[in-house]
Amino acid sequence: MALSWRSWLANEGSKHLFLFFWLSLNVWFFWKTFLLYYQGLQYYYLHQMLGLGLCVSRASASVLNLNCCLVLLPMCRVILAFLRGSQRVASKKTRRLLDKSKTFHVTCGVTICIFSVLHVAAHLVNALNFSENYNEEFLALNAANYRGEDPRKILFATVPGLTGVIMVLVLFLMCTASTYAIRVSNYDIFWYTHNLFFVFYMLLMLHVSGGVLKYQTNLEEHPPGCFNPNKTLRQNLTIPKAFEELFPDYTTEPFPEDLPVPEPFVQNNFMRICSEEPKFQSHFPETWFWISGPLCLYCVERLYRYIRSNKPVTIISVISHPSNVLEVRMVKDDFEARPGQYVILHCPRVSALESHPFTLTMCPTDTKATFGVHLKIVGDWTERFRDLLLLHSNQDTEILPIFQQRRYPKLYVDGPFGSPFEEALNYEVSLCVAGGIGVTPFASILNTLLDGWKCYKLRRLYFIWVCRDIESFRWFADLLCMLHNKLWQENRPDYINIQLYLSQTDGIQKIIGEKYQALNSRLLIGRPQWKLLFDDIAKCNRRKTIGVFCCGPNKISKILHKLSNNSNSYGTRFEYNKESFS
């Protein structure tokens, strides 16, 4: 099927355009700074000493400044949630860009790694040049103490060199621990090493304060390459014959201001007369200007989040569902959230520093203050958390009694934070696709519709849920049945289209019984025929824009993303959204 350029631009195209723009911006910064140091007269003598190593190191530093400045902004979750929820960003497409915050963060991180390699390589060359090209004429420019000094001493015995080496090690740990394989196999390693970013920034502040690279401050009094008649080491210079006649004894007295200089020499651009020795000064650490604002903003937000989440929540009940899923219901004073948002849970008894995001499956309303999450027991953190909550193994399917609630460990909730699924209620037609436990963001939307659907723009919801075993549907079977019955009573049975797919037929004899009769007719065996499903939805919703929301395996996500970009003969547009915790 032909690709709709309008749909491509709204979905995949915006990502490619942004990546192209970001790459172009970084290359432009690199090139402009390179030319500045290559052509700038104030760096003439330093360039003679270091060569292209000066230009490359400073150009890569400008790119690093930019990316170290911006890499923190996508992690300011409170600000992003405020921009999304306050409707200050009116455009839906612009709000969707906020959901790419994780992609932007990763892009900046990769850029930092690439240009750090270039920056380190350039400074290794600089250290060697400082040693070999030691200049006794301009002592202020030298980073080495004498000609032939071991370059390793410059790297490990100076503040800029030592901090640079430590920053490379920290960045290497953060980069390698951020790979997909390590994040999946051991999330703790990723979490702890990523928090080394604060050490990285502190070292960066010290790194730029060394003032190793200097520029000339008196270009007017001492143009680069000029002739100074007061210099004592003029025997190595070729002096014009006109000056030999005027200064036969090479006097060291100041050059008379009223003495006429031969016109041919003045007109010759080969050499100019200077009145004093060159003076050099270190740059003010520009990196401070770049990173101080975002770093302070991030620290203020972290302080605000700490104060906001400092009071533990009150756990109302804990329910163990089939297929290793745990539901936790709780209350907290002045807690407000919108359907589709997520929170970060922190339990000190499980881990002193580790926290994890979980999508809200139940949001507080005007009539009830309870909110909740569903946790899939996968990994050490969730296993330890479950063991602390479920005091007795024979209470797996029961709500724990009130008198046992005081035994619950302290649990802190940070959030809520925004996600793409908040937009599901802002489309006239939405297609929500869940895979397994990926149903959690849609559960909060279904709970909200159960309380009342008429106040939202949404008028038709296609809900597709794919699970491997029949027991998984019991997580929200009651919710689906209640919503189905409510819509039938209000004469709007077409408001929601529920399709449940069982990808594996093992245990089909355990199909939901009489209690969930409304779901039996919507239970299908096998996997969805995605193309036929999209064609059918497009046919029933001609010339409309449909929001596509997916939370599940990457395989399903890629299929839906591709189908959303395809055009159709009905004039229907599909806008793709995907869950991504930042």
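Residues numbered from 1 in each chain as written. Predicted model: local features only at pLDDT ≥ 70, side-chain atom pairs only at ≥ 80, totals over all residues. Heavy atoms only, no water.

The name given to the protein in an unreviewed UniProt entry is NADPH oxidase 4, with Sakesphorus luctuosus as the source organism.

So, about helix α8 (residues 159-177). Taking 1.5 Å as the rise per residue, α8 with 19 residues should run 27 Å; its terminal C-alpha atoms sit 27 Å apart, in good agreement. Taken together, the buried positions of α8 are occupied by Pro160, Gly161, Thr163, Gly164, Met167, Val170, Leu171, Met174 and Ala177. The secondary structure elements touched by the buried residues of α8 are α6 (101-132), α7 (151-156), α9 (180-185), α10 (187-194) and α11 (197-207). For α8, the N-terminal capping position is held by Thr158, with its side-chain oxygen 3.3 Å away from the main-chain nitrogen of Gly161. (Helix = DSSP H or I, 4+ residues; strand = E, 2+ residues; numbered from the N terminus. Expected span 1.5 Å × (residues − 1). Buried < 20%, exposed > 50% of the residue type's maximum accessible area, 1.4 Å probe, protein only. Contact = heavy atoms within 4.5 Å. Polar contact = N/O pair within 3.5 Å; in protein donor to acceptor, adjacent residues only side chain to side chain.)

Here the focus is the nonpolar core. Core analysis: the largest hydrophobic core is formed by 48 residues, its most contacted members being Leu50, Cys68, Leu70, Phe200 and Tyr201. Broken down by secondary-structure element, the contributors of at least two residues to this core are α1 (5-39), α2 (44-50), α3 (52-70), α6, α8, α11 and α14 (286-308). Looking at this core, the element that brings in the most residues is α3, giving ten residues. Leaving out residues up to four positions away in the same chain, Leu50 has contacts with Asn126, Asn129, Phe130 and Leu213. With 39 residues, the next largest nonpolar core counts Cys432, Leu458, Ala477 and Phe549 among its residues. (Core = buried A, V, L, I, M, F, W, Y, C linked by side-chain atoms within 4.5 Å.)

The subject of this paragraph is the pairing of strand β3 (residues 314-321). The buried fraction of β3 is high, at six of eight residues. Bridging between β3 and strand β4 (residues 325-331) involves seven bridges; their strand directions are antiparallel. Note on β4: the bridge partner recorded for Ile315 is Met330. Connecting the antiparallel pair β3 and β4 is a turn made up of three residues, with Ser323 showing a positive phi of about 60°. (Pairing = 2+ DSSP bridges.)

Let's shift gears to the packing of α3 against α14. Axis separation between α3 and α14 bottoms out at 8 Å; the angle between their running directions is 10°. Considering their axes alone, α3 and α14 lie roughly parallel with respect to each other. Taking contact as the criterion, the partners of Asn65, Leu66, Cys68 and Cys69 in α3 are, on α14, Thr287, Trp290, Ile291 and Pro294. (Axes fitted to C-alpha atoms, helices over the stretch in contact; angles between N-to-C directions. Parallel < 35°, antiparallel > 145°, perpendicular 65-115°, else oblique.)

Within the structure shown, the criterion is met by 21 aromatic pairs. Each ring, one from Tyr342 and one from Phe417, has its centre 5.6 Å from the other, and the planes form 45°; the classification is tilted. In this pair, Tyr342 sits in strand β5 (residues 342-346) while Phe417 sits in strand β8 (residues 412-417), placing the two residues 75 residues apart along the sequence. By relative accessible area, Tyr342 is classed as buried at 2%. Given a relative accessible area of 1%, Phe417 falls into the buried group. An angle of 50° between the planes, with centres 6.2 Å apart, marks the rings of Trp465 and Phe476 as tilted. One end of the pair, Trp465, is in strand β10 (residues 460-467); the other, Phe476, is in the loop between β10 and α17 (477-489), and eleven residues separate them in sequence. Phe476 shares its class with Trp465; the two are buried. Over the face of the ring belonging to Phe417 we find Arg77, whose NZ or CZ atom lies 5.9 Å from the ring centre. (Phe/Tyr/Trp six-rings, centres within 6.5 Å; stacked < 30°, edge-to-face > 60°. Lys NZ or Arg CZ within 6 Å of the ring centre and 35° of its normal.)

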